[in-house]
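Chains, contacts and geometry: an overview
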Amino acid sequence: MGAIDAIGIEARRVLLEVMMSVAWADRELAPEERQAAQAAAMSMGLVLPGDGDLTSPDRRPVPPEELEVGPLRERDRELVYLCASWMAMADTVEDPEETELLARLRARLGVSAERASWLMARASELRQAQVASKATWWRSFDRLVVDAARALETKRA
């Protein structure tokens, strides 16, 4: 199973927009964030905006409050939050803007503070495993989504 099989199409679209919002939260796009966003788009079979759009200082991410999350299942909401947390760690620095965005996203997705802590810890573990294994961004994101989807199914069971 790959990332594209682990999450529904509605959640994939929200996830990509959320990851772009986290990457742009500090108004700077680090090379690691660009690579993580490209890997996410590729893994989920979605089209990422052209590189000019992606790196444009005029790019305006969709605020969490405007995301269409109504049709998302609870597991997919948690998966979106976990991936957003992973993206916040892509450049190894969680900026205050990213922290604030994650808090707004948590509220929009309806994820409890306790559950968000668990999801962030899981994202951190997966990011550390990526660094240790020197895996590509694509392989790391794919593994992140698959492992997280399985963990969330197990945690709920």
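Reference entry: report on the structure contained in this document. All figures in this text were calculated on a predicted structure; none of them were measured in a lab. (Residues numbered from 1 in each chain as written. Predicted model: local features only at pLDDT ≥ 70, side-chain atom pairs only at ≥ 80, totals over all residues. Heavy atoms only, no water.)

The next thing to look at is the pattern of salt bridges. Tallying each qualifying case throughout the model produces six salt bridges. Across the salt bridge formed by Arg75 and Asp76, the nearest N and O atoms sit 2.9 Å from each other. Side by side, Arg75 and Asp76 carry an identical accessibility label, which is buried. Among the salt bridges present, the one from Arg115 reaches Glu78, with a minimum N-O distance of 2.8 Å. Of this pair, Arg115 sits in helix α7 (residues 113–133) while Glu78 is found in helix α5 (residues 74–88), placing the two residues 37 residues apart along the sequence. You'll find Arg115 and Glu78 in the same group, each marked buried. Connected through shared salt-bridge partners, Glu65, Glu100 and Arg104 make up one network. (Salt bridge = Lys/Arg side-chain N within 4 Å of Asp/Glu carboxyl O. Buried < 20%, exposed > 50% of the residue type's maximum accessible area, 1.4 Å probe, protein only. Helix = DSSP H or I, 4+ residues; strand = E, 2+ residues; numbered from the N terminus.)

Below, the discussion takes up α7. When the terminal C-alpha atoms of α7 are compared, their 30 Å separation across 21 residues agrees well with the 30 Å that a helix rising 1.5 Å per residue should span. For α7, the set of buried residues is Arg115, Ala116, Leu119, Arg122, Ala123, Leu126, Arg127 and Gln130. One face of α7 carries all of its buried residues, which in axial projection span an arc of 135 degrees. Exposed residues on α7 whose side chains face more than 90 degrees from its buried face are Glu114, Gln128 and Ala132. Count one or two residues on from α7 and you reach Lys134, which has phi positive near 55 degrees. (Expected span 1.5 Å × (residues − 1). Arc of directions from axis to C-beta.)

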